[in-house]
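Structural overview
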Amino acid sequence: MFLIATTSQVFNQRLQKEHKMKKHTFEEIEACLRECKYFWETQITAHYKPEPASEESIQEVEKTLGLKFPPDYRRFLLKWGFLEFCYTYSHEIYGIVHDDPKQDKYGSVLGLTLDCREYAELPEHYIAFYSDEGDEIWCIDTQDPDERVVVWDFFGHYLARIVIYSFVDMLYQFAANERRVIIDDQGWLLDEKNEEYEEVDEFVWKNLV
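Residues numbered from 1 in each chain as written. Predicted model: local features only at pLDDT ≥ 70, side-chain atom pairs only at ≥ 80, totals over all residues. Heavy atoms only, no water.

Running from N to C, helix α2 (residues 26-35) and helix α5 (residues 71-79) point in directions that differ by 35 degrees, and their axes come no closer than 12 Å. Seen along the crossing, α2 lies across α5 with a hand that is right-handed. In this structure, α2 contributes Phe26, Glu27 and Glu30 to the contact, and α5 contributes Asp72, Arg75, Phe76 and Lys79. Residues that form the contact of α2 with α5 fall into these classes: 2 nonpolar, no polar and 5 charged. (Axes fitted to C-alpha atoms, helices over the stretch in contact; angles between N-to-C directions. Helix = DSSP H or I, 4+ residues; strand = E, 2+ residues; numbered from the N terminus. Left-handed = near helix turned anticlockwise from the far one by under 90°. Contact = heavy atoms within 4.5 Å. Nonpolar A, V, L, I, M, F, W, Y, C, P; charged D, E, K, R; others polar.)

Written out as structure tokens, the structure is:
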């Protein structure tokens, strides 16, 4: 008898060999954001500015999704509710907007996760928190203790790759690069030397092929 390993089994085997512990903390993330020159200005002028989610709202969304949010993502919700990194990535971190657990449109982890379950066959242990142009869905794996971030292919209905080994480390990478932004008369650049995204090199990309 021959045993054929599933994509999920191969995925987990690779993680066991290559797993890395979290490197960063929420305190480091907050320190980076405090030093950002333009980050909070863009958040305040946006329609979806950060607003802490209440425990009651979090529990209501959890009940609707039929899961418990892992500790780091829950802390993100309690602290900010929703964040948008405008300059260096143009990535939104979906959550609970304006502390409204029933809001299921833009910025809503509830709406995105339910849509992906219905139309993309997203497994129920994934939390969908960002849609990259509609075809790649960034998700938190609730079965992983460090809350690794993975990409689910919306149209192919399969696990495409690992983005990074922990949700907290991803937030730190976004915040650290946003901190380096300087806006000049012609637009904006990453820093005074217009250097490339040095810290992006820390991202761990894995193709599951």
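Picking up after the structure, the text goes on.
This part is about the packing of aromatic side chains. The final tally for this structure, using the stated rule, is 14 aromatic pairs. Relative to Tyr73, the ring of Phe69 has its centre 5.2 Å away and its plane inclined at 70 degrees; by these criteria the two rings are edge-to-face. By the burial criterion, Phe69 is buried, and Tyr73 matches it. Ring centres of Tyr130 and Trp138 lie 5.6 Å apart, and the angle between their planes is 85 degrees; on these two criteria the pair is classed as edge-to-face. Side by side, Tyr130 and Trp138 carry an identical accessibility label, which is buried. A cation over an aromatic ring shows up here: Lys79 above the ring of Trp80, its NZ or CZ 5.9 Å from the ring centre. (Phe/Tyr/Trp six-rings, centres within 6.5 Å; stacked < 30°, edge-to-face > 60°. Buried < 20%, exposed > 50% of the residue type's maximum accessible area, 1.4 Å probe, protein only. Lys NZ or Arg CZ within 6 Å of the ring centre and 35° of its normal.)

Before going further, it helps to examine the pairing of strand β6 (residues 158-164). Most of β6 sits out of view: 6 of its 7 residues are buried. Across 5 bridges, the pairing between strand β5 (residues 149-153) and β6 is antiparallel. Looking across to β6, one finds that Val150 is bridged to Ile162. Taken together, β5 and the strand that follows it, β6, pair antiparallel across an intervening segment of 4 residues, in which His157 is found at a positive phi of about 60 degrees. (Pairing = 2+ DSSP bridges.)

A few words now on the side chain of Glu62. Mapped onto the fold, Glu62 is located in helix α4 (residues 55-65). Judged by relative accessible area, which is 2%, Glu62 ranks as buried. Only 2.8 Å separates the side chain of Glu62 from the backbone nitrogen of Phe69, close enough to count as a polar contact. Within the structure, Glu62 has its side chain in polar contact with the side chain of Arg74 (distance 2.4 Å). Sequence-distant contacts of Glu62, that is, excluding residues within four places in its chain, are made with Leu67, Lys68, Phe69 and Arg74. (Polar contact = N/O pair within 3.5 Å; in protein donor to acceptor, adjacent residues only side chain to side chain.)

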